[in-house]
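Listed here are the chains, written in short residue letters.
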Amino acid sequence: MALFRRIKPPFSLKTLQKDPSCVLIQDPSAIWGGADHLPRRNLLIATDTLATQNVTVTAESHTLHIQGTGSVTLSGTGSGTLSGTGANDRVSLVFTPTAGTLTLTVSGTVTFGMLCKSSVLDRGYQKITDWTTEQYAHAATNPKPWLRRNRLLNTATLSTQTVTAVTANPMTVSFTGTGTITFSTAYSGSLVGTGASDRVTATFTPAAGNLVCTVTGTVTLAQVEVGSAATPYQEVGASWAATYTSLAIAAGYPISLYSDRAGTVATYGPDDPVGVLLDGSEGYAMGPELVTNGTLATDTGWTKGTGWTIDGVGNCSNASAASLAQSISITTGKRYLVSGSVLTCTSGMVRLLADGTDIVAAQSASTGYRQTIVVATSTGASDFGFRSNSSGFAGTVDNFSVREIPGYHATSPSDAARPVLRLDGNGRWYLDRDTTDDALAVTWPANFTTTAAQYVADQTTTTETTGITLNGATSYTTPQRPTGDYGRVIFKTPTSNAAKVNKYLDKKAGR
Amino acid sequence: MAYTYSAVLVTPADQLEAANKVGLALGYSNNEFTVPASSDGTTITHYYCHTWANEVFDAMVKCLGEGTPPAADYEAAGLTVEQYFTALLRLIVSCRDGADPAQHVGEVLTANGLVPL
């Protein structure tokens with residue numbers, strides 16, 4: 001008799017990826033770092049001792065829980081009153097509001113308030129001071145770099161700017177240089193630099209609102225963050241979204257969702273649109289590097305247009321519409337991740353050049369990482385690299401890369417048709433479509449298959465459809481609001497693992 | 001910026017090309033207005049789209065309602081100033097935070113005597 005029994009590993013994403021008949025996996029929960037977002041169940045803030053507040057709600061069943069001897073009266077998109085029965089008694093009210101702003105008016109003493117969707121499984125009290133603080137507190141315990149956020153922009157050499165929507169919680173500012181940051185509006189005070197290499201810090205608690213940071217003199221490597229201590233400097237370029245993308249790339253995390261149709265900026269959180277959804281059936285793997293001498297270490301492999309030189313980096317001396325390019329062999333219909341870095345930018349702007357086309361969405365008048373995802377429009381050699389725009393570019397570039405992203409990826413046909421990534425009350429990710437025009441389209445090869453089987457998970461069920469013809473088709477996803485799209489798997493031919501696929505998708509939707 | 005706003009945009013069919021160019025001039029993709037609608041139930045008289053939007057878009061709509069059109073490079077999009085303002089003036093735009101999109105679309109169409117085709 002065997003003493004030990006071999007335990008079969010659970011059916012998982014990797015199991016699906018190893019199945020040769022599995023040709024598409026659309027997984028909204030594959031937002032990198034997404035699993036590290038704190039699942040928010042309690043829709044209220046300042047919950048220990050509740051005060052009157054407004055909450056944006058959806059048209060579905062909600063449950064309000066309170067303790068204390070006071071009461072909460074609902075108005076706006078909901079109605080009803082919940083009266084407390086004692087300091088240690090927990091009472092609840094189930095109601096279904098219409099979508100919009102729900103006002104909760106508190107009278108008397110109400111403690112440990114919690115408002116959540118009734119579909120939420122874990123309704124244990126979740127203390128929320130304010131949502132930003134909760135997120136940052138969570139991020140502080142997690143090493144992934146994008147979960148910590150420098151609230152400033154263009155931080156290498158700071159200019160006057162406003163940090164919007166700060167909360168009344170401790171913030172810490174730090175910088176090097178001999179200049180001064182003077183704070184106003186949400187907080188009054190200043191921090192004076194003491195030297196080019198000295199890092200000065202100060203912690204203060206602003207009022208909720210906008211924090212105006214007025215810079216005089218030279219302020220470099222500046223950071224404003226939530227918390228009572230300065231953490232290592234995190235450089236942020238012209239936008240946090242682009243920085244977020246580069247941080248994840250640098251940390252080796254695959255990006256599977258992009259908010260824009262050009263694939264330049266990652267979808268990085270709930271309520272952000274999805275313009276590109278990558279197919280997970282290939283494990284979000286990348287093909288081999290197709291660029292020769294992408295680090296520009298030597299002056300070889302590149303065709304230098306007017307004004308471009310190479311000396312360890314690519315230099316452009318303010319030439320207009322001039323390329324630093326090389327010819328790369330690509331295949332029509334395949335997708336390629338094209339990326340590069342702008343090291344310095346004295347004047348003008350530079351764009352990525354991909355498949356012979358200037359990528360305006362990846363244009364930059366500041367330093368930092370830039371990327372785009374292009375679908376090859378022809379088979380054969382095509383130009384890739386950097387190109388200055390019509391107003392010229394003076395600066396340096398480096399680290400150019402082109403790699404195929406294998407799989408059948410989905411793109412929204414227009415900006416208006418982008419669905420939005422949402423986080424449900426149980427911390428599960430889904431795509432929210434408007435049922436009017438939202439779609440993510442996949443183009444299949446000609447003569448592909450007429451026997452495909454598709455599995456789609458929404459909030460209530462996982463649906464299996466067999467005998468689907470994919471030959472050369474553009475497949476648009478079905479509008480599913482209000483139940484949402486938690487995941488989709490397509491097999492080229494019927495799978496013997498149907499029950500397991502259903503179970504896998506059911507789990508994604510919280511069943 | 002959270003995309004929690006529901007936005008409905010409707011253009012008369014004779015302004016479809018110009019309305020799409022307005023979208024381009026404002027930094028959006030071409031061919032945004034994809035769904036046909038009708039004032040008589042049979043003929044296409046309008047096209048519309050729904051989009052999720054954020055507070056920036058909402059502020060732009062509010063400015064437009066107050067008579068301040070958004071700054072845009074309309075010439076680069078292939079429009080004259082007259083064409084740009086005409087397309088904007090004839091555009092029906094509704095933006096609401098937290099609205100159910102299907103209900104919102106239905107209300108905007110009904111309020112303007114339109115039905116989807």
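All residue numbers refer to positions counted from 1 along the written sequence of the respective chain. Following the order in which they are written, the chains are lettered starting with A and the ligands numbered starting with 1. Where totals are concerned, whole chains, interfaces and linings use all residues; where local detail is concerned, this predicted model gives features only for residues with pLDDT of at least 70, and gives and counts side-chain atom pairs only at 80 or more. Side-chain descriptors were evaluated using all non-hydrogen atoms of the structure, hydrogens and water having been removed beforehand.

1. Remarks on the environment of A362 of chain A
Residue and element names in this part refer to chain A.
Now for step 1: Where helices and strands are cited, they refer to DSSP runs of H or I of at least four residues and of E of at least two residues respectively, numbered from the N terminus. As for its placement among the helices and strands, A362 is situated in strand β24 (residues 357-364).
Now for step 2: Only protein chains enter the calculation, and the probe is 1.4 Å; a residue is then buried if its accessible area is under 20% of its type maximum, exposed if over 50%, and partly exposed in between. Assessed through its relative accessible area of 2%, A362 is described here as buried.
Now for step 3: As a C-alpha pair, A362 and A266 span 96 residues in sequence and 13 Å in three-dimensional space.
Now for step 4: Contacts are assigned to residue pairs with any non-hydrogen atoms lying within 4.5 Å of each other. Residues within four places of A362 in sequence aside, it is in contact with T264, V350, R351, L352, R370 and Q371.

2. A closer look at the pattern of salt bridges
Residues and elements named next belong to chain A.
Now for step 1: What makes a salt bridge here is a side-chain nitrogen of Lys or Arg within 4 Å of a carboxyl oxygen of Asp or Glu, nothing more. For the structure on display, the rule yields 16 salt bridges over all chains.
Now for step 2: One salt bridge in this structure joins D358 and R387, with 2.7 Å as the shortest N-O distance. Here R387 lies in strand β26 (residues 380-404) and D358 lies in strand β24, a separation of 29 residues in the sequence.
Now for step 3: A single salt-bridge network, built from bridges that share partners, covers D271, R422 and D432.

3. As for the interface of chain A and chain B
Now for step 1: Contact residues are listed per partner, giving 23 residues for chain A and 23 residues for chain B.
Now for step 2: Here chain A meets chain B over a buried area of about 1600 Å², counting both sides, of which 51% is carbon and sulfur.
Now for step 3: The largest per-residue losses of area from chain A upon contact with chain B belong to D415, A416 and T436 of chain A, which jointly make up 27% of the total buried on that side.
Now for step 4: Whenever two N or O atoms come within 3.5 Å, that pair is a polar contact, provided that in protein one can donate a hydrogen and the other can accept it, and provided that, for residues adjacent in sequence, both atoms are side-chain atoms. There are ten residue pairs in polar contact (both at pLDDT 80 or more) connecting chain A and chain B.
Now for step 5: Contributions of two or more residues to the side of chain A that touches chain B are made by β2 (53-57), β17 (272-273) and β28 (420-423) of chain A.
Now for step 6: Class assignment of the residues belonging to the side of chain A that touches chain B gives a composition of six nonpolar, five polar and twelve charged. A quick way to say it: buried area is the sum, across both parts, of accessible area lost when two parts are put together, with a 1.4 Å probe. Under the scheme applied, nonpolar residues are Ala, Val, Leu, Ile, Met, Phe, Trp, Tyr, Cys and Pro; charged residues are Asp, Glu, Lys and Arg; polar residues are all the others, including Gly.

4. Some words on the nonpolar core
Now for step 1: Counting 27 residues, the largest nonpolar core has W308, L324, F384, F386, F400 and V402 of chain A as the members making the most contacts within it.
Now for step 2: Each nonpolar core is a collection of buried residues, namely Ala, Val, Leu, Ile, Met, Phe, Trp, Tyr and Cys, held together in the definition by side-chain atoms within 4.5 Å. Formed by 20 residues, the second largest nonpolar core is a distinct cluster that contains L152, F183, A186 and V215 of chain A.

5. Regarding the packing of helix α1 (residues 16-25) of chain B against helix α3 (residues 81-90) of chain B
All names here are of chain B.
Now for step 1: Fitted lines through C-alpha atoms serve as axes, helices being fitted only where they are in contact, and the angles separating the N-to-C directions of these axes extend from 0 to 180 degrees. Where α1 meets α3, the axes come as close as 9 Å, and the angle between the chain directions of the two elements is 100°. Classed by the angle they form, the pair α1 and α3 counts as roughly perpendicular. On the side of α1, the interface is formed by A18, A19 and V22, while α3 contributes Y84, A87 and L88.
Now for step 2: Across the contact of α1 with α3, the residue classes break down as six nonpolar, no polar and no charged. Note on terminology: angles under 35 degrees are roughly parallel, angles over 145 are roughly antiparallel, angles of 65 to 115 are roughly perpendicular, and the others are oblique.

6. Here we look at helix α4 (residues 498-508) of chain A
Residues lying three or four places apart along an α-helix face the same way, a consequence of the helix completing one turn every 3.6 residues.
Residues and elements named next belong to chain A.
Now for step 1: All of the buried residues in α4 are A498, V501, N502, Y504, L505 and K508. For α4, the angular spread of the buried residues around the axis is 160°, confining them to a single face. Residues A499, K503 and K507 are exposed on α4 and point more than 90 degrees away from its buried face.
Now for step 2: Tucked inside the fold, the buried residues of α4 contact α1 (13-18), β31 (452-457), β32 (462-468) and β34 (487-491). Working definition: the arc comes from the directions between the helix axis and the C-beta atoms, pointing outward to the latter.

7. Section: unusual backbone geometry
Now for step 1: The backbone phi angle of A46 of chain A is positive, close to 50°, even though this residue is not glycine.
Now for step 2: Locating A46 of chain A in the fold gives a position in the loop between β1 (22-26) and β2.
Now for step 3: Positive phi, close to 55°, is recorded for N31 of chain B, a residue that is not glycine.
Now for step 4: Take N31 of chain B: it is sitting in the loop between α1 and β2 (35-38).
Now for step 5: Given the relative accessible area of 48%, N31 of chain B is considered partly exposed.

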